[in-house]
Amino acid sequence: MKVLVIGSGGREHAIVWKLRQSPNVDQLFCVPGNAGICEEAECVFGDLKSVDSLVQVASRIQPDMTVVGPELPLSLGVVDEFQRRGLRVFGPTAAAARLESSKIFSKEFMQRHHIPTAHYAICLNEKEIKDALPHFSTPIVVKADGLAAGKGVVIAKTREEAGAVALQMLQGKLVGDAGNRVVLEEFLEGDELSFLAICDGERAIPLAAAQDHKRIGDGDTGPNTGGMGAYSTSDLLDSNMQEWILAHVARPVVQAMKSEGAEYRGVLYCGLMMTARGPMVLEFNCRFGDPETQPILARLDSDLLGAFIASAEGRLSEGDLKWSSDASCCVVMASKGYPETPELGKVIHGLQEADAVTGVKVFHAGTRHTGEAFVTNGGRVLGVTARGSSLRVAVDRAYEAVGKINFDGMQYRRDIAQRGLRGK
Ligand code: AMP
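Calculation criteria
Residues numbered from 1 in each chain as written. Predicted model: local features only at pLDDT ≥ 70, side-chain atom pairs only at ≥ 80, totals over all residues. Heavy atoms only, no water. Helix = DSSP H or I, 4+ residues; strand = E, 2+ residues; numbered from the N terminus. Rg over C-alpha atoms; globule rule 2.2 N^0.38 Å. Buried < 20%, exposed > 50% of the residue type's maximum accessible area, 1.4 Å probe, protein only. Contact = heavy atoms within 4.5 Å. Areas by Shrake-Rupley, 256 points an atom, 1.4 Å probe, with all protein chains shown as cover. Core = buried A, V, L, I, M, F, W, Y, C linked by side-chain atoms within 4.5 Å. Pairing = 2+ DSSP bridges. Axes fitted to C-alpha atoms, helices over the stretch in contact; angles between N-to-C directions. Phe/Tyr/Trp six-rings, centres within 6.5 Å; stacked < 30°, edge-to-face > 60°. Lys NZ or Arg CZ within 6 Å of the ring centre and 35° of its normal. Expected span 1.5 Å × (residues − 1). Near = heavy atom within 4 Å. Polar contact = N/O pair within 3.5 Å; in protein donor to acceptor, adjacent residues only side chain to side chain. Parallel < 35°, antiparallel > 145°, perpendicular 65-115°, else oblique.

1. Section: the overall build of the chain
At step 1: Helices and strands together make up the secondary structure of the chain, namely 14 helices and 23 strands.
At step 2: Relative to the compact-globule value of 22 Å for 424 residues, the chain shows a C-alpha radius of gyration of 21 Å, a close match.
At step 3: Its C-alpha atoms give the chain principal-axis dimensions of roughly 60 × 45 × 40 Å.
At step 4: Here the chain, with 424 residues, has 57% of them falling under the buried criterion.
At step 5: Contacts spanning at least 24 positions in sequence make up 68% of the contacts within the chain whose residues lie at least 6 apart.
At step 6: Entry remark: accessible area of the chain is about 17400 Å², with carbon and sulfur atoms responsible for 47%.

Written out as structure tokens, the structure is:
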């Protein structure tokens, strides 16, 4: 089978790597990919911001199956367009992807269908902000409605700060058009958990649970990033809690989307806060998380292509995904200056040595080739991922591999998976 993967990050490298293991994949393409992906798939030029450009790529390649990684092309309707042309594709339509692309849609949807989430108010102008603020105790969470690449959420300590931030968002000063409409939200306390399920319009099958690390610095300090690392173990989520989340969040979402005429296919990512009142939804994403995908797929023992096809064709079954009892850990290596202004173009040394460590796979995110060398080409550069018989083994292997890699100004966290290790 000819398979096309859309995207260029560590998540897509992990998907490509796993698809390569499928006996049914004969030819693998990626648009646009990165330097690491190009070693394992044929990379083709294309613009992730343009559905037309992606359709042109598919017309040339004629894939039997396409997998969409990032949210932007999903929200622009790449799945709708591929389906219209009779091309089989994994991911939600633009209407289904509104669960991620509009916080307002997702909050109203949850309210309509009694899915547990924080109290909120929608504000379209300054007066609505002023009227809503007295109803919230502090801190107050301010969210831009649209896609903002992780920059659309501010936790304000006072009402004054919340009002000022919300107004700046409305005026387009913080996240551009994504902030044209704003949600004020009750602040929730608890541990965060990412729960991912693969859906086929009718059913939701859970993926292995993962824990990510959003802050740049050790001990969860410094600014938020796209994610500095993640780990996955079989005991991260016990089976009772998994069943509760399936019964009260994932399955109701799939059923309700169907009843509203927007069948949900693809990955449903539920960002949850485990509060004293029980798990509550912070957000939905309509695709795999990055970097959680790297440790999650490192533990998948069954065929990924089969699951993607079953999702696209509406015939998923419980046995489609088989998980190893091994643990896994991914340490992100980022450029100097990330997340604000990453320095690019630094030569990366030691990749082969790192990949040679037992159980390790180095996934590329922001990398490109110049001649023989790999150089940095983004904020997050690599996701050094290891699998092992225990979390301790996986973490030690990942850091052994990290120790073999070197580029100017590299930064990474030294405490990935510490919470999981302390729990042992
Ligand atoms: P979101 O994009 O909505 O997941 O928000 C990004 C991050 O902001 C989450 O991962 C949380 O750490 C935090 N956050 C979002 N909503 C809330 C909330 N209602 N209460 C507390 N923290 C929140």
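Here the narrative resumes, following the displayed structure.
2. Considering the side chain of Ser 106
At step 1: Mapped onto the fold, Ser 106 is located in helix H6 (residues 103-112).
At step 2: The buried category is assigned to Ser 106, whose relative accessible area is 4%.
At step 3: Ignoring any residue separated from it by four or fewer positions in sequence, one finds Ser 106 in contact with Leu 99 and Phe 284.

3. Topic: the nonpolar core
At step 1: Grouped together as the largest cluster of nonpolar side chains are 49 residues, with contacts concentrated most on Phe 82, Leu 99, Phe 109, Phe 195, Met 257 and Phe 284.
At step 2: Counting residues per element, this core draws most heavily on helix H9 (residues 239-259), which supplies eight residues.
At step 3: Discounting residues that sit within four places of it in the chain, Leu 99 has contacts with Phe 105, Ser 106, Phe 109, Val 253, Met 257, Tyr 264, Leu 268 and Phe 284.
At step 4: Counting residues in hydrophobic clusters, the runner-up holds 37 residues, among them Val 3, Ile 37, Ala 208 and Ile 296.

4. Regarding the sheet that holds strand S11 (residues 204-206)
At step 1: Taken in spatial order, the four strands line up as S11-S10-S16-S17 in an open sheet, and their pairing is antiparallel. Here the strands that pair on one side only, and so sit at the sheet edges, are S11 and strand S17 (278-285). Geometrically, the sheet is characterised by an average inter-axis angle of 35 degrees between neighbouring strands, direction not taken into account.
At step 2: Of the strand pairs in this sheet, strand S16 (residues 265-275) and S17 are connected by seven bridges, and their pairing is antiparallel. Opposite Leu 272, over in S17, you have Val 281 as the bridge partner.

5. Overview of the packing of aromatic side chains
At step 1: This model, assessed by the stated rule, comprises five aromatic pairs.
At step 2: Ring centres of Tyr 399 and Tyr 412 lie 6.4 Å apart, and the angle between their planes is 45 degrees; this geometry places the pair in the tilted category. Taken as a pair, Tyr 399 in helix H13 (residues 391-402) and Tyr 412 in the loop between H13 and helix H14 (418-422) lie far apart in primary sequence, 13 residues in all.
At step 3: An aromatic cluster is built from Phe 90, Phe 288 and Phe 308, whose rings are joined through pairwise contacts.
At step 4: Geometry around Phe 105 places Arg 98 over its ring, the cationic atom sitting 4.1 Å from the centre.

6. Considerations on helix H8 (residues 159-170)
At step 1: The end-to-end C-alpha separation of H8 is 16 Å, in line with the 16 Å expected for 12 residues at 1.5 Å each.
At step 2: Where H8 is concerned, the buried positions are Ala 162, Gly 163, Val 165, Ala 166, Met 169 and Leu 170.
At step 3: Buried-residue contacts for H8 involve strand S6 (120-123), helix H7 (126-132), strand S7 (140-144), strand S8 (153-156) and strand S9 (182-186).
At step 4: In the stretch just after H8, Gly 172 is the one whose phi turns positive, near 80 degrees.

7. Some words on the site of the ligand
At step 1: Taken together, 13 residues lie near the ligand, and Glu 185, Glu 186, Leu 188, Glu 192 and Glu 283 sit nearest.
At step 2: Within the side chain of Glu 185, one N or O atom sits 2.8 Å away from a nitrogen atom of the ligand.
At step 3: Between Glu 192 and the ligand, the recorded distance is 2.4 Å, taken from a side-chain N or O atom to an oxygen atom.
At step 4: If the ligand stood free it would expose 470 Å²; the protein chains cover 85% of that surface.

8. Topic: the packing of helix H1 (residues 10-20) against helix H11 (residues 304-312)
At step 1: Remark: H1 packs on H11, axes separated minimally by 8 Å, with the N-to-C direction vectors making an angle of 105 degrees. The orientation of H1 with respect to H11, classified from their angle, is roughly perpendicular. Counted together, Ile 15, Lys 18 and Leu 19 of H1 and Leu 304, Leu 305 and Phe 308 of H11 form the full contact between these two elements.

9. Some remarks on the sheet that holds strand S3 (residues 42-43)
At step 1: Pairing within the open sheet is parallel, and its five strands lie in the order S3-S2-S1-S4-S5. In this open sheet, the two edge strands, each paired with only one partner strand, are S3 and strand S5 (89-90).
At step 2: Note that strand S2 (residues 27-32) and S3 share two bridges and pair parallel. Bridging across to S3, Phe 29 finds its partner in Glu 42.
At step 3: Sitting on the sheet, helix H2 (residues 51-61) touches strand S1 (2-7) and S2, and the angle it makes with S1 is about 165 degrees.

10. Regarding the pairing of S7
At step 1: Of all five residues that make up S7, five are buried, and the element is covered over most of its length.
At step 2: Here S7 shows no split at all, with Ile 140, Val 142 and Ala 144 on one side and Val 141 and Lys 143 on the other all buried.
At step 3: Judged from the four bridges that link them, S7 and S8 form a sheet pairing that is antiparallel. Across the sheet, the residue bridging to Val 142 is Val 154, located in S8.
At step 4: Where S7 meets S9, five bridges bridge the pair, whose relative direction is antiparallel. By the bridge assignment for S9, Lys 143 is matched with Val 183.

11. Regarding the pairing of strand S22 (residues 373-376)
At step 1: Pairing geometry for strand S19 (residues 347-348) and S22, over two bridges, is antiparallel. From the neighbouring strand, Val 347 faces S22, where its bridge partner is Val 375.
At step 2: Here strand S21 (residues 367-370) pairs with S22 via four bridges, running antiparallel. Within S22, the position partnered with Thr 370 by the bridge is Ala 373.

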